[in-house]
Amino acid sequence: MVVKTVFRLLFVIYLLCSIGVQATLPDKMQIALSNDSYPFMFMNERNEIDGLAVDFWREVARRSAINIEFVVADWPDTLKLLQDGKVHFHGAMARTPERSSRFNLINLNVEAYSNVYVRRDLNGISSLTDLRPFVIGVVRDTVHLDALKQHLPDGNFMYFSNMTELYQAALDGKLAAFTGLDKIPEQHPRHEELSIMFPLYNRLTLRPVEIAFALLPQQAQLSQQLQAAVAKLDRSFMTELERSWLGVKAEENTLLLGLSINNQPFMHVAQNGEAQGLFIDLWRYWSEITGRKVTFVPDSSFNNIRNLAKGRIDVVIGAPVHDALPDNVVNAYQLYGFKSQYFTLTENAENILTASSQVKIGVFENTPYLAELKGRYPAIEFVSYRHLVQMINATISHDIEGFFGAAAVIPLRLQQLNMTNMFISQPDTTLTAPIYSLIPADNAVLSEEIRRGFGEMSLDKLIEAEQKWIPDKSLYYFSSFRNTIPLTPQETEWLQQHQGLRLGMLNNWPPMEFANDAGEPAGVTEDMFNLLSERLSLNVEVVLYSSFEQMLTDLQQKKIDIIANISEREERRNFASFTDEFWSTQWAVVSPGNTPDIISTAELNNKKVAVYQDYQLAKHLNNTYPQINVVPAASLLNGLEMLENAEVDFVLDSVEALTEILRQPGHAYMRIQILDDLPTFPSLIAVRNDYAPLAEILNKGLRSISKEERQQLYQKWFNFQITQGLNKEQLNRLFWQIGGAALLLLVFFVLWNLSLRREIRLRRFAEQKMRFMATHDELTGLPNRSLIKERIEQALLQHARHNELLAILFIDLDGFKEVNDEHGHDAGDELLLKLAGILQEKVRKSDTVARFGGDEFVILLTGLLSRDDAAIAAQKILSQLAEPMTLSVGDVQVGASIGIAVYPDDGTDCTRLLKVADSLMYRIKQQGKNQYCFSKAGFS
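Let us look at the structure shown here. If you're wondering where the values come from, they're calculated on a predicted model, not measured in any experiment. (Residues numbered from 1 in each chain as written. Predicted model: local features only at pLDDT ≥ 70, side-chain atom pairs only at ≥ 80, totals over all residues. Heavy atoms only, no water.)

### Considerations on the overall build of the protein
- When helices and strands are tallied, the protein shows 31 helices and 41 strands.
- Sequence-distant contacts, at least 24 apart, represent 72% of the contacts inside the protein between residues at least 6 apart.
- Accessible surface, the protein as shown: approximately 45,600 Å² in total, 51% of it carbon and sulfur. (Helix = DSSP H or I, 4+ residues; strand = E, 2+ residues; numbered from the N terminus. Contact = heavy atoms within 4.5 Å. Areas by Shrake-Rupley, 256 points an atom, 1.4 Å probe, with all protein chains shown as cover.)

### Concerning empty space enclosed by the protein
- Throughout the structure, instances matching the rule amount to four cavities of 30 Å³ or more.
- Here the largest cavity defines a volume of roughly 150 Å³.
- As for the largest cavity, its lining consists of 14 residues, and the residues nearest its centre are Arg203, Leu246, Gly247, Asp299 and Asn307.
- The set of elements that each furnish at least two residues to the lining of the largest cavity consists of β15 (293-299) and α11 (301-310).
- Of the residues forming the lining of the largest cavity, the biggest block, three residues, is contributed by β15. (1 Å grid on protein atoms, 1.4 Å probe; cavity = no way out; pocket = protein on both sides within 12 Å on 5 of 7 lines; lining within 4 Å. Points joined across faces, edges and corners; volume = space filled by probe spheres on them.)

### Topic: the packing of aromatic side chains
- Applying the stated rule across the entire model yields 29 aromatic pairs.
- Ring geometry for Phe266 against Phe279: centres 5.1 Å apart, planes inclined by 20 degrees, an arrangement best described as stacked. Remark: Phe279 occurs in helix α10 (residues 278-290) and Phe266 occurs in the loop between β12 (254-260) and β13 (268-269); sequence separation between them is 13 residues.
- Judged by relative accessible area, Phe266 falls into the buried class, the value being 7%.
- Their ring planes at 15 degrees and their centres at 5.9 Å tell us that Phe343 and Phe403 sit as a pair that is stacked. (Phe/Tyr/Trp six-rings, centres within 6.5 Å; stacked < 30°, edge-to-face > 60°. Buried < 20%, exposed > 50% of the residue type's maximum accessible area, 1.4 Å probe, protein only.)

### Focus: the pattern of salt bridges
- On inspection of all chains with the given rule, the structure shows 43 salt bridges.
- Where Glu48 meets Arg46, a salt bridge forms, and the shortest distance between an N and an O atom there is 3.2 Å.
- A relative accessible area of 39% means that Glu48 is categorised as partly exposed.
- Owing to a relative accessible area of 51%, Arg46 belongs among the exposed residues under this scheme.
- A salt bridge links Arg535 to Glu709, with the shortest nitrogen-to-oxygen separation between them at 2.2 Å. A residue pair is termed long-range when its members are at least 10 positions apart, and Arg535 in helix α18 (residues 524-536) and Glu709 in helix α24 (residues 707-717) qualify at 174 residues. (Salt bridge = Lys/Arg side-chain N within 4 Å of Asp/Glu carboxyl O.)

### Digging into the pairing of strand β33 (residues 670-674)
- Where burial is concerned, most of β33 is hidden: five out of the five residues are buried.
- Burial of β33 is two-sided: the residues Met670, Ile672 and Ile674 facing one way and the residues Arg671 and Gln673 facing the other way are all buried.

### Re unusual backbone geometry
- A cis amide bond, omega 5 degrees, links Tyr38 with the succeeding residue Pro39.
- With omega at 15 degrees, the peptide bond leading from Gln264 into Pro265 counts as cis.
- Secondary-structure assignment places Pro265 in the loop between β12 and β13.
- A positive phi angle is found at Asn418, which is not glycine, with a value near 60 degrees.
- As for its placement among the helices and strands, Asn418 is situated in the loop between α14 (410-416) and β21 (423-440).
- With a phi close to 55 degrees, Asn565 is a non-glycine residue in the positive phi region.
- Considering the arrangement of structural elements, one finds Asn565 in strand β27 (residues 562-566).

### Here we look at the environment of Ile470
- Mapped onto the fold, Ile470 is located in the loop between α16 (459-469) and α17 (489-497).
- Overall, the relative accessible area of 1% leaves Ile470 in the buried class.
- With 205 residues separating them along the chain, Ile470 and Pro265 place their C-alpha atoms 6.8 Å apart.
- Setting aside chain neighbours within four positions, we find Ile470 in contact with Pro265, Phe266, Leu278, Tyr336, Ala408, Leu475 and Tyr476.

### Digging into the environment of Ile924
- Within the secondary structure, Ile924 sits in helix α30 (residues 910-927).
- The class of Ile924 is buried, set by a relative accessible area of 2%.
- The spacing of Ile924 and Gly899 is 25 residues in sequence and 7.4 Å in space, taken between C-alpha atoms.
- Apart from residues lying up to four places away in sequence, Ile924 is in contact with Ser897, Ile898, Lys929, Asn930, Gln931, Tyr932 and Cys933.

### Quick look at the sheet that holds β27
- An order of β26-β22-β27-β34-β28 is seen for the five strands of this open sheet, with the pairing classed as mixed. Each of the sheet's edge strands pairs with one partner strand only, and the pair in question is β26 (540-545) and β28 (576-578). Each strand of the sheet is rotated relative to its neighbour by a mean of 30 degrees, with strand direction disregarded.
- With six bridges joining them, strand β22 (residues 501-506) and β26 adopt parallel strand pairing. Bridge assignment links Arg502 to a residue of β26, and that residue is Glu541.
- Across the sheet, helix α19 (residues 548-556) is in contact with β22, β26, β27, β28 and β34 (684-688); its angle to β27 comes to roughly 135 degrees.
- Contacts between helix α23 (residues 692-704) and the sheet are confined to β22, β27, β28 and β34, with β34 contributing the most and set at about 155 degrees to the helix. (Pairing = 2+ DSSP bridges. Axes fitted to C-alpha atoms, helices over the stretch in contact; angles between N-to-C directions.)

### A word on the packing of helix α2 (residues 52-64) against helix α8 (residues 220-230)
- Contact pair α2 / α8: the axes reach a minimum separation of 9 Å and the direction vectors enclose 90 degrees. Judged by the inter-axis angle, α2 sits roughly perpendicular to α8. Between α2, through Phe56, Trp57, Val60 and Ser64, and α8, the contact on the second element is made entirely by Leu226, Ala229 and Val230.
- Considered class by class, the residues forming the contact of α2 with α8 number six nonpolar, one polar and no charged. (Parallel < 35°, antiparallel > 145°, perpendicular 65-115°, else oblique. Nonpolar A, V, L, I, M, F, W, Y, C, P; charged D, E, K, R; others polar.)

### A few points about the side chain of Arg292
- Mapped onto the secondary structure, Arg292 falls in the loop between α10 and β15.
- Beyond its immediate sequence surroundings of up to four residues, Arg292 is in contact with Asn253, Leu255, Trp286, Ser287, Leu446 and Glu449.

### With respect to the pairing of strand β7 (residues 104-118)
- The element β7 is extensively covered by neighbouring structure, given that 11 of its 15 residues are classed as buried.
- Bridging between β7 and strand β11 (residues 203-215) involves 11 bridges; their strand directions are antiparallel. Among the inter-strand pairings, Val116 is bridged to a residue of β11, identified as Leu204.
- Bridge count between β7 and strand β10 (residues 177-180): four bridges; the pairing is antiparallel. Residue pairing for β10: Tyr117 is matched across the bridge by Phe178.

Honestly, that's just the spatial picture; any functional story needs more than this.
This is the structure we're talking about:
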C-alpha cells in the first residue's frame, strides 16, 4: 500500500510539473535566425528564410504541435535579440566558450565543420600553415576566427562584417582563402564562379563545429520543453536533413559518388570542373549498364570517408581498406589493383632500399600495405602522413629518406609541383594493393547492385579504359588478367591455407553438369573450373550429386565448399557468398512439333507452363505475366514427362538444358523456341559463407575468361537447330517473293543511272582529293603548314572574343636522323606515320595536329583553362615516346623536344606564337633534349 501511495504521489507531481511547463509556453514561439549563414539559415531567391535550421524547427513544431515564428536579422543582431529577451530562443549557432558562458546551449545533433576555402590555383597547400603568406578573409565574431587564430596567430587576415562582403572580395581577387561552413551559398548570384575559384574539394578543415540552439540561462522550463520536443526527431530524419543541406543536391534516385582529388590518372577534377580519370570512366560505364544515374562529388580522401559514414554520399568510388575505416563503412567491390613504389631524392638514387636499411620512410596514413612493407623491411621506421606535399617536404628536409606512393599518381603530382627532376623511383620496390568501392554497411542492396553492374563489364572494355589513362604498360592491372591473375598477398595466403576445395556438381544435368560414360564429371561447369583451377592454382575435388536439394543442403552444412550454376536468393545469403555471373542463361520453351510459332512470352497466357522449381523465374514469371499458369517441376525431365502426358502445354527452361535433352532419343517430334523478351537470371557460383574471400578470388578468375573462350565452350557443348519466334526459312522465302518482283522493276532504272552517277562521283572525288592534297601532308594525312596557320588564325579570333587561352606545341623529333641513316628512308616514313597516330591519340578531338615539315610537328591546343593543360599534353607525348617504338625493321627509340607558346602571354598573332614555340624548342635541344619548355612570359 505504501509503495502504491508513493507512485500515485509521484504521478500527481509529474502531472503538475507538466501542466506548469505547458502553461509557460506562449501562443507563438519566436525564434531568432540569421539571414546570411548558409546552409543553416539564409534568405533564398524568393526572399524567404530557408536552410537546415529552418527545416529542423518546422519539423519539431509539426511533431509537437508548437506554433513558431522566425525573427530574421543580421548575425550580430540575432545575438542581441536573444540577449534583450525579444525572442524566446536562438535557432542555431556554433558552440564557443564565450557563447557557452552567456547562453544555455543545447545541441541539435548536427555535425558541421569550420573550413578554410583555398583558391584553386594555389598548388601545394596541404595544411593551414601553408597559408601563412596569403590573405585570408574572415567575418568578425564568428566561430571561425578563434580557431583560425589558434592555427595562424600571425596570419594575414582581412575582416568583413558579413559573408556577402567576404564573397565579393574573393571574387575580386583580394583573397587567397576565406573561412566558411560546409557549403558556399547556392543562391549567391555568382555561385558558379565562386565555386570554380574556391572549389569544395580544395577546403581545409579548421575544426568540427557543434551546432546548438540557445536560450537565456533563466529559461529552464522552456529549455526542458524544447529538449523533449527535439528528442522526438528520429535519426533517419536527421540523416536526410544533413544530406539535403550539407550534401550535394542531385536528382531523385541518383547515386552520389565521392571521388578523391589529386589522384590522376585514376580520379581527379579537370580545370573546367569535370570529373575525369580511369575510375570515373569505369563508374560511368557502370551507370550505362545499370541505368542508374550518378553524380560525382569531389573531395579529399579523408572527407569522402567521413561523408560516407554520415550518409551525405552513397559511395566512395575508390579507396584502400585499412583499420581506420569507420565501423559503418564496408567495401562493396574491388574496383582495381594499383602498384606502389618507393620514391626518393634523385641525389639519393644510389641508396637502394633493402631489408637491412635502417632509415625513416613516409607512407600515407591510409596505406593498405603497411604490414607487407614491415615484413619486407623490418629495420625501417615508417612515418604516417595525410598529404603527399607533407611527405615531399619531409624528404627534402631529410626528416625521412623517401616515401611510398602510387606509381601512376606520384609522377603526375610531382609534375604539377614542378619537382619532376628532384625525385626518382625504385621499380624493384613495387608492390600491389587493392582499391575498393566503399558503401554504408547497412546497404546490402546497393552492394549487390554494384557487384552485378561491374560483373557485366567485359575484360576487353576494362582493358580499353585502362590503356586510355595509364601510359606505362608495366603498371597495367586489367591487362595482366590475360596472363597471370593479380591476387593480393592476402588472397594468395588464403588459397595456401585452403587446399583441396570441394565442388558440388549434378550428375544428370547435361550439358551443364553431368557424369559421362566413365562416371567422370563433364560439362560446362567442369571445363570452366578447369580454366579457373589452372589460372588461380586451385586444387578442386568434384563431388557428384543426383539431387540439387541435397547438394544445397551439403553446402549449408559445409560438407562441400562450392556450387556453380546457382541463383542468389535472400534465404541462401545466410549460408553462402556469391560471385559475379558464371554463365548467362537464355530462356526457351519446348512444345509438340505442331505447336504454332511463339513470338512473345505473352502468347503463353492462359497456358500451363512447367518451370523447374529452383529457378528464380518460376517465382517471378507471374509478376510480369500473371495470366500464365506456372506449374513447378521437380526437374527438367519431370517437366517433359508432364508435357508428354498433356498435363502442361509448354516446358520452359534454359536453351542449354533444352538443346541437350532434346538430342536424346524419344524427343524428335518436339520443337524449341527462344523467348527473347524474358529477363535473364544469371547463374552464379556460391561458396560457403565462411569462405567469403574465395568469392572475390573466383571473380578475378571469371574476369580472365575471355569471350572467345566462352564461345569455344558454347560451340563444344551446344549444337541444336532452334526456332526463334517466326520460322526464319518461311519468312525469308516470303521476303524473296515480294522483293523479287520489285527488284526486276528497279534493275533497268539502276543500270541506266549507274554510269551518270559514277561520272559525277569520280569528278567529286577528284576535286576533294585536290583540295585535301593542297592542305594536308601527303605521307601522314595530317594538316600541313598552310592549314595549321589558317586554323591558328581562326582560333586566335575566337579566343580573343571569349578571353580564353590557347597553346602551340612545336615538336621536333630527337633521334629521327639516326633511324633514317641506320634503317633507310622507308623506316623513317614508317616512324613518322606511327608518330602522327600517337600525337592524335594524346590530344582531344578539338585540337589540331599538323606536320610542319621534315620531322617537325605543330599541335594547336584550344580552350585551355591554364598552361598546366598544355604541360599535361606535352608530358603525355614524352611519356609515350619513352617507350620503344616497333617498326618493321625492329624496335627504335626516339624522343622529342617541345617548345610551348601560350596565347596571349607569348603573342597575339600566328607568326609570333610559332616563332616563340620554335625558339623554345631549339632551347630544349641545347639543354639536353627530350623535354618541354615554356617562355618566362608564360610563367609570370
